[in-house]
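Remarks on the overall topology
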Amino acid sequence: MNAFALSGLLTAASSLAMGLFVLAQDKRAKLNRLWLLFTASVAVWGIGATWIALEKDPHQALLAWRFSFAFGVVWIPVFFYHFVTIFCALTQRKLVVINYIIATLLFPLIGFSSLFFGNVRFLFAAFYYAVPGSALFVLFFCWWAWLVIYAHYQVFRLYRHASGIKRNQFKYFFIAFALAYGTGSLDYLPIFKIDLYPYGNFGIMAYPIITTYAIARYRLMDITVVFQKGLTYALLLGALLVPVFLTVAVSHRATAYAIPPLVAASFVFGCGLWIVLKNPRNDVNLTFGLLCAGVCIWLFSIFMMFSSPQEGEAVLWGKMAYVGVVFIPALFYHFCMRFLKRSDEKISVVVQYIISTGFLALIPTDYLISGRYVHDWGVYLKAGALYPLFLGYFGTVSGLSLLALYRGFKAKTADAPAEATRIKYVLVAFAIGYLASIDFAQAYGAEFYPIGFVFVGLWISIVMYAIVAYEFLESPWLPRTDVLPYAQALALTPAYFVILGVVWIFTGTTYYLLAGVLLTILIVLAELLVNVRKGMEQVVGKALFPHQHNTYDALNAFSTAMRSILELKALTAKTVSILSEALGIGKISIFLLDKEKDEYILAAVHGINKPRLKAVTISAKELLPQYLQERSQAILKEELERRGDTPGVFSKRIIGTLDDLEAELCLPLQNQGLLIGFINLGPKPNRGMYTHEDLKNLSILAASAASAFENAAFHQLEKDVQRREKHDERAHAFETIAGGFAHEIRNPLVSINTFLELVPMRKDDPEFMEEFRKVVMNDSARIERLSGEVLGFARLHEPQRQEENLNDLVAASQLAIEARAQSQGVALCTELAENLPHVWMDSQQMRQVLGNLYINSLDAMEPAGVGQIITKTCPLMKPDGIWVQIEITDTGCGMPPETLDNIFVPFFTTKHESKEREGTGLGLPICQRIIVAHGGYIEVKSEIGKGTTFLVNLPVRLERNPDSLPNPEGTRREDH
């Protein structure tokens with residue numbers, strides 16, 4: 001194949017591929033159909049050029065010239081000009097019709113008469129070139145060139161007056177086709193006796209390449225997705241065809257003696273590749289894959305050596321086999337050290353690789369391999385002078401590696417039986433695999449057929465079994481969801497017969513075993529093939545469409561943010577951040593509807609002067625929001641500027657608003673038919689344009705954002721309502737406290753007033769005055785205690801949290817009451833959980849809680865004396881995380897249900913006796929408030945005559961709003 005034939009073939013393939021891609025976007029679009037006709041005419045010329053370049057018969061060459069011009073070249077300018085008129089919106093229908101008539105009249109003259117091409121002449125010592133038959137060819141060329149130049153002129157004329165995305169489209173369209181026509185037209189020169197080699201066809205391929213770039217960046221014909229998927233499928237098809245071509249190539253030289261090592265090499269290659277791909281970041285998997293690669297090089301080279309028709313070629317492949325063999329000891333030793341997690345052998349591993357590299361350097365010399373043996377089954381290389389040294393190295397390192405595996409197995413047998421089992425299978429597999437060393441005997445003249453491939457097959461089979469049964473190599477076998485690809489691969493049985501047919505067509509021989517090898521490789525790679533298309537799409541997307549790929553990333557990131565953020569302000573800020581980072585957009589703003597004011601106000605901004613933009617308020621009755629509400633589509637300022645169906649004043653007012661917002665693109669945020677806001681995006685980086693895919697994906701993001709913003713706004717409203725309710729509840733609570741406080745201090749004040757009235761009359765009575773002093777002091781102390789506890793209840797500070805050991809806190813609190821407990825004969829018992837997670841809390845406030853609960857328990861047992869207080873701690877697993885629980889149980893008198901229902905009501909108390917610890921009824925309400933402030937809740941269970949149990953439940957770390965926690969008096973959510 002010469003250069004002219006190759007250029008024609010490439011031109012035909014690239015042109016036809018582009019035409020089909022565009023047509024697949026929209027088969028009904030006239031522009032797309034014209035594009036296919038144009039590219040098909042170019043492809044016909046490419047096919048004709050290939051035929052011309054390869055044709056050796058002058059009569060057939062003349063026929064090829066007539067075919068390529070009649071069915072291809074004559075139609076190229078006509079279809080091109082027609083396409084330009086549609087693409088540029090030109091009203092030149094009559095001229096289009098005239099050119100179609102001219103081409104139709106030329107068609108029979110070109111294909112069936114000698115007026116156009118009269119003969120051919122042999123040029124460039126390669127192929128036949130056409131000779132004009134008459135002046136008709138000159139007239140044709142003038143018409144052809146004029147129409148092409150005129151079409152380019154129309155594009156250039158519109159380019160000069162266009163702006164934005166349309167200008168870029170015209171520019172790249174003009175460059176692509178000017179270059180293609182300029183170089184392709186050089187093919188005419190030899191026809192006019194200017195004998196320059198027609199390399200111009202290679203230039204024709206510029207138009208698919210440049211058009212592809214324009215499609216990717218400037219939405220030329222809006223076929224980005226089609227092109228991406230088409231290229232992906234083309235790559236996938238190529239990946240699938242590679243094994244077929246390899247099989248056909250190998251089948252030409254396969255023999256009965258050569259096939260067994262090839263089968264073993266294929267199996268080892270498939271298994272090694274699969275293991276590496278399961279976890280490519282794991283060092284054990286990688287070293288095992290490299291070991292498989294070394295074995296594959298050895299076995300495949302043996303296949304090539306046995307099947308070589310010439311001894312010189314066989315010797316070359318025999319030496320290639322040792323390229324894999326010399327590294328097997330080092331790779332095996334490296335694998336064993338990684339598998340046994342021995343990082344202390346790094347130096348030894350490096351030494352093994354250095355030694356292997358030294359033997360590699362000896363392969364081209366006669367020191368390692370010298371001469372050859374010729375057997376019935378093939379050629380085999382003789383051992384050289386240093387071959388025994390290599391065998392000593394091979395055996396020593398391999399033996400040390402197996403010994404390390406054996407010691408690792410013995411060390412793990414007692415304390416890690418599962419790990420010991422894995423090591424055992426590796427040891428057995430490699431011990432059997434090393435029996436393949438029997439193939440070294442042939443280097444010393446042994447005449448039996450090398451059977452090392454058998455032991456290699458057993459080795460890799462045992463390894464694969466270990467993966468299945470014991471998750472060897474951190475590469476678990478297929479989950480059930482991955483079984484389907486293998487079932488599909490097994491259903492490829494008809495493909496086996498297709499492969500047989502292809503091999504037979506190319507070789508004239510049927511190789512059943514090779515077809516089976518290919519099918520086996522496809523089965524092994526079935527799981528890989530399930531994901532390879534998606535992987536290719538991502539690679540193609542990242543390489544050719546990075547902005548589109550970034551849009552996908554923005555969608556994924558925003559979906560994650562929606563699930564984790566409920567605060568409206570945080571969500572809008574996160575949205576702006578995601579768009580900025582993923583798309584690289586410098587100017588972004590979000591405006592949301594203020595329903596009370598009926599106007600859109602700034603909610604978040606990036607890259608724009610915030611005070612200036614914050615001063616911009618847009619009424620719901622203004623043109624921009626009404627236009628967004630009506631269209632329910634994104635507004636691209638550039639398209640709005642060049643739309644012909646929008647009234648000028650109307651358009652200018654919206655564009656003016658977008659200019660104020662420094663926006664190139666405005667995305668509506670609609671929820672249930674209501675425009676709740678809009679997102680404004682500035683220019684893309686490097687003055688790139690928003691593609692059709694960008695608009696589609698950003699519209700999806702805007703729809704999701706609208707729903708998320710509305711939910712966040714509702715959540716904010718709900719929080720405001722809860723805050724007001726909480727404020728009302730607190731006001732009501734303080735009303736209750738004020739009333740209770742007034743009631744509680746009334747009695748001591750009455751007694752004090754009574755005594756004060758009697759003092760003038762009985763001031764000389766010592767007994768009365770002493771009694772009066774005691775009453776006043778007790779009542780004053782009660783008033784002071786009431787005042788202190790009311791202030792404590794009202795001024796409870798926000799907890800100052802840090803990580804604390806709850807068991808230590810329990811011990812410290814018990815120490816404070818230990819003396820009183822002993823004096824009452826009460827035993828303090830504890831059952832504290834080991835390894836209890838530390839709690840994020842205020843230790844002083846929690847000691848106040850525990851101290852109050854312990855005092856209440858001691859008071860409950862004071863009349864009878866003797867008893868016990870049992871304190872337990874334990875962790876709790878809840879749907880929202882890990883909690884801890886403190887359980888305090890006393891064996892006191894217990895409480896009736898009516899008392900139990902009121903213990904957390906301020907000023908409710910059962911301790912009415914006038915003594916030092918007379919109750920105020922605020923202790924338990926204070927405890928409850930402290931626990932709720934820590935994100936927890938308190939529960940109580942009591943039974944008359946048996947005792948009372950308080951359960952304090954606390955989250956290890958507060959992750960949510962305490963306002964949303966359950967009512968402390970509510971039922972418990974799980975058993976302890």
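For the structure itself, consult the block above.
What this report covers is the structure whose coordinates are included nearby. (Residues numbered from 1 in each chain as written. Predicted model: local features only at pLDDT ≥ 70, side-chain atom pairs only at ≥ 80, totals over all residues. Heavy atoms only, no water.)

Some words on the environment of G182
- Here G182 shows up in helix α7 (residues 164–184).
- The spacing of G182 and G200 is 18 residues in sequence and 8.2 Å in space, taken between C-alpha atoms. (Helix = DSSP H or I, 4+ residues; strand = E, 2+ residues; numbered from the N terminus.)

Here's the deal with the environment of G118
- Assignment of secondary structure puts G118 in strand β1 (residues 117–123).
- Those residues in contact with G118 that lie beyond four places of it in its chain are L62, V131, P132 and G133. (Contact = heavy atoms within 4.5 Å.)

Here we look at the nonpolar core
- Ranked by size, the top nonpolar core spans 76 residues in total, and within it F288, W298, F335, F390, L405 and W459 carry the most contacts.
- No other element matches helix α12 (residues 283–307), which puts 13 residues into this core.
- Aside from chain neighbours lying at most four places away, what touches L405 is F332, C336, F339, L340, I423, V426 and L427.
- Residues Y128, A162, F173 and Y181 belong to the second largest nonpolar core, which totals 69 residues. (Core = buried A, V, L, I, M, F, W, Y, C linked by side-chain atoms within 4.5 Å. Buried < 20%, exposed > 50% of the residue type's maximum accessible area, 1.4 Å probe, protein only.)

Comments concerning the sheet that holds strand β17 (residues 947–955)
- Taken in spatial order, the 5 strands of this open sheet run β12-β14-β15-β17-β16, and their pairing is mixed. Strands with a single pairing partner mark the edges of an open sheet, and in this sheet they are β12 (826–832) and β16 (937–943). Between one strand axis and the next, the sheet turns by 15° as a mean value, whatever way the strands run.
- Of the pairings in the sheet, the one linking strand β15 (residues 881–890) to β17 comprises 8 bridges and is antiparallel in character. Paired with E887 across the strands is L951, a residue of β17. (Pairing = 2+ DSSP bridges. Axes fitted to C-alpha atoms, helices over the stretch in contact; angles between N-to-C directions.)

So, the sheet that holds strand β7 (residues 618–619)
- Taken in spatial order, the 6 strands of this open sheet run β7-β6-β5-β10-β9-β8, and their pairing is antiparallel. Two strands lie at the open edges of the sheet, namely β7 and β8 (635–636), each paired on one side alone.
- Pairing analysis gives 2 bridges linking strand β6 (residues 599–606) to β7, with the strands arranged antiparallel. Along β7, the bridge assignment pairs Y600 with I618.
- Sheet contacts for helix α24 (residues 568–583): β5 (588–594), β6 and β10 (674–681); angle to β5, the most-contacted strand, approximately 150°.

Quick notes on helix α17 (residues 417–433)
- Here α17 is 17 residues long and its end C-alpha atoms lie 24 Å apart, about the 24 Å a rise of 1.5 Å per residue gives.
- Taken together, the buried positions of α17 are A420, I423, Y425, V426, L427, A429, F430 and G433. (Expected span 1.5 Å × (residues − 1).)

Points about the packing of aromatic side chains
- Summed over all chains, the structure comprises 79 aromatic pairs.
- With a centroid separation of 6.2 Å and an interplanar angle of 55°, the aromatic rings of F137 and Y188 are classed as tilted. Remark: Y188 occurs in the loop between α7 and α8 (200–204) and F137 occurs in helix α6 (residues 135–161); sequence separation between them is 51 residues. Here the two residues F137 and Y188 agree in accessibility, since each one is buried.
- Ring centres of F300 and W317 lie 6.2 Å apart, and the angle between their planes is 85°; on these two criteria the pair is classed as edge-to-face. Of this pair, F300 sits in helix α12 while W317 sits in helix α13 (residues 311–325), and the two are 17 residues apart along the sequence.
- We classify F300 as partly exposed; its relative accessible area is 31%.
- Between the NZ or CZ atom of K382 and the centre of the ring of Y373, over which it lies, the distance is 5.0 Å. (Phe/Tyr/Trp six-rings, centres within 6.5 Å; stacked < 30°, edge-to-face > 60°. Lys NZ or Arg CZ within 6 Å of the ring centre and 35° of its normal.)

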